[in-house]
Structures are given as C-alpha cells and as structure tokens.
Amino acid sequence: MLDRFTSIADGLDHPEGVAWGTDGSVYAGGEAGQLYRVASDTFTEYASTGGFLYGVTPDADGNIFGCDFGRAEVVRVTPSGEVSSYSNGTSERPMRVPNFATFDDTGNLYVTDSGEWRGEDGLVFRITPDGVTSVWAEDARGFPNGCCLNAAGDELLVVETTARRVVRFPILPDGSAGPMESVVDLPDSLPDGIALAADGTMFVGCYRPDRIWTIPPDANPEILADDPDGVTLNQPANVAFVGPELDRLCVSSLGGWSLVAGDLGVSGLPLRYPRLD
C-alpha cells in the first residue's frame, strides 16, 4: 500500500496541517509560519504568520484559519495573504497549543488545544461565527490533536495522541458537548490527524511510528501503511482527502519537506465550508 503514495509537493518546511480548499487547491502550513497553496503539483508560499502553523482550515471564501503554535492563537489568513488574529482563547483560559480546527455547518469552529506534552491538560475550544470563544469540552485531556465532524454533523471526533485513541463528543441541540465516549484504541502508536471517508471509515496519521491506520465503521483498526524507513511517510501528521472527487488521501510530513497523496479506492467526506461574513 505504501507504493500508492507519491509526492505532490516537495520543498515545504516540515508541513503538519493539510486541507482541500474550495478553489481546488491543497493548503498546508510550515514550521516558520508559512502558508502554502499547492495546485498542479507546484506550490506557492503566499503568506507567513511568523509563528508555527499546525492545522489549516479553509472557509467558503478562501480564508484559511490556522492553528498557530508559535503565536498561541488561531489566525485568519485571507486569499491575498493578510494575517490577523481570530482567537487566542478566553481571558481565563488562553490558548497554549492550538493544534487543529474544524467547522460545523453554521460556522462554529472547534479547536483542539493540546496543552503540555504528557500534562493531561488538553481541551477543546469553540469559536462562534461572531468570534466569541468558549471552552467547549475538557474531557479529552490526553493531548487532543486532529479532529473532524461526522457526516451528520452531530458528533465531533477527536484524536487523543498520548491516550492513543480516538474519542467522540455528541454535539447537543443547544450546541454544548455531550459526554465523551471512546471510539477506538490505537495501540503502540501516537495518532495525530484524522479524516473520514464518505462511508464513515476513519483514516488516522501517526506521528510515531510512521504509519496510517484505517478504521472501518464497526470494525477493528487495521494498518493501512507502515514506513519503517520514514522515507515516503516521514512523521505523517494530518491527513485529508483531496482532488475534485476527494478520491486521493493526502498526508503531511512533519519530519520532512513534502506532501504525498495516494488513490486508495475510496472517496472522502466533504468538509464544511461556511461563509462567515
């Protein structure tokens, strides 16, 4: 399965976040705050936050909402490259390690804050379309990382890296978080990013070892690809379905300089792309 993945962009600065935009481009962040736009297997660095970008999340108008570890905030980057602060948490709970973010249909942005490594102090923020930030959930404490919504939009799936598992939170009718439930354990690995196929299969990139897990609905996890040499998959972090048909799984390379993608015979669940203004 590893041989199905080939490079779509080389020369990026240790990309972690990756996402498919409505303009038909792949977006990724860099270790020094670079924001990359990838199209036709070539990339352009069109903005820099000066921080360290983790997850990148597009909206309907081409703005990118970046989880910036270096700035300890979520930034908003316009298509022309203008950078502004979107949220740095609350006055009582400022962001520390904003890691990944996902939109719901109405424009609420769910943001994982991983906290200290092995500190068991992670949480999830929720930012409303008018910019009001609140602590949404505090139960996923084991370095919450990648996240996504299910097809119905009524559950948030969160990767807990140091707990080596994926958990879920029901999104209640009033918008609050329901009780956390464990979905699947991923032993002997440090899971990082998550993407859903249209049929509900989970694809999870692992920072260690260099691995991609696949978890079919109501089935046991399976190793989709292992790279013991760390050449094709070099510290794979976030994963995202890309392409006009969302039929290629794109994987970032936090330990290297490339994005790779492969046709796995499945199509991804589309992201939500709200219009906020």
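Quick summary incoming for the structure in this document. (Residues numbered from 1 in each chain as written. Predicted model: local features only at pLDDT ≥ 70, side-chain atom pairs only at ≥ 80, totals over all residues. Heavy atoms only, no water.)

Structural notes on the environment of Gly153
- Relative to the elements of secondary structure, Gly153 occurs in the loop between strand S14 (144-149) and strand S15 (155-160).
- Each C-alpha atom, one on Gly153 and one on Phe103, is 9.7 Å from the other, the two residues being 50 residues apart in sequence. (Helix = DSSP H or I, 4+ residues; strand = E, 2+ residues; numbered from the N terminus.)

Points about the nonpolar core
- Judged by nonpolar contacts, the single largest core of 29 residues is most densely connected at Phe5, Val26, Leu249, Cys250, Val251 and Leu259.
- Elements that contribute at least two residues to this core include exactly strand S1 (5-10), strand S2 (18-20), strand S3 (26-29), strand S4 (34-39), strand S21 (222-226), strand S22 (236-242), strand S23 (248-253) and strand S24 (258-262).
- If you tally residues by element for this core, the top one is S22, at 4 residues.
- Once residues within four sequence positions are removed from consideration, Val26 is found in contact with Ile8, Val18, Ala19, Trp20, Tyr36, Arg37, Val38, Val242, Cys250 and Leu259.
- Counting residues in each nonpolar core, the second largest holds 18 residues, with Tyr86, Met95, Ala101 and Leu254 among its members. (Core = buried A, V, L, I, M, F, W, Y, C linked by side-chain atoms within 4.5 Å. Buried < 20%, exposed > 50% of the residue type's maximum accessible area, 1.4 Å probe, protein only. Contact = heavy atoms within 4.5 Å.)

A short note on the sheet that holds strand S13 (residues 133-137)
- Overall, antiparallel pairing links the 4 strands, which are arranged S10-S11-S12-S13 in an open sheet. In this open sheet, the two strands that pair with only one neighbour each are strand S10 (98-103) and S13. Neighbour-to-neighbour, the strand axes of the sheet open up by a mean angle of 30°, direction not taken into account. (Pairing = 2+ DSSP bridges. Axes fitted to C-alpha atoms, helices over the stretch in contact; angles between N-to-C directions.)

Description of empty space enclosed by the protein
- Within the structure shown, the criterion is met by 1 cavity of 30 Å³ or more.
- Considering only enclosed or pocket space, the largest cavity measures out at about 330 Å³ in volume.
- Around the largest cavity, the lining is made up of 25 residues, and of these Thr102, Cys148, Ile194, Leu269 and Leu271 lie nearest the centre.
- Every element with two or more residues in the lining of the largest cavity is listed here: S2, strand S6 (53-58), S10, S14, strand S18 (190-196) and S22. (1 Å grid on protein atoms, 1.4 Å probe; cavity = no way out; pocket = protein on both sides within 12 Å on 5 of 7 lines; lining within 4 Å. Points joined across faces, edges and corners; volume = space filled by probe spheres on them.)

Considerations on unusual backbone geometry
- Following Arg208, the chain continues into Pro209 via a peptide bond in cis, with omega recorded as -15°.
- Considering the arrangement of structural elements, one finds Pro209 in the loop between strand S19 (202-208) and strand S20 (211-215).
- The residue Ala72 is not glycine, and still its phi comes out positive at about 55°.
- A positive phi angle is found at Phe143, which is not glycine, with a value near 55°.
- Inspection of the secondary structure puts Phe143 in the loop between S13 and S14.
- Taking the relative accessible area as the measure of exposure, Phe143 reaches 12% and is therefore buried.

Topic: the pairing of strand S12 (residues 123-127)
- Along S12, 5 of the 5 residues are buried, which leaves the element largely enclosed by surrounding structure.
- Here S12 shows two buried faces, one formed by Leu123, Phe125 and Ile127 and the other by Val124 and Arg126.
- Pairing geometry for S12 and S13, over 4 bridges, is antiparallel. Note that in S13 the partner of Arg126 across the bridge is Ser134.

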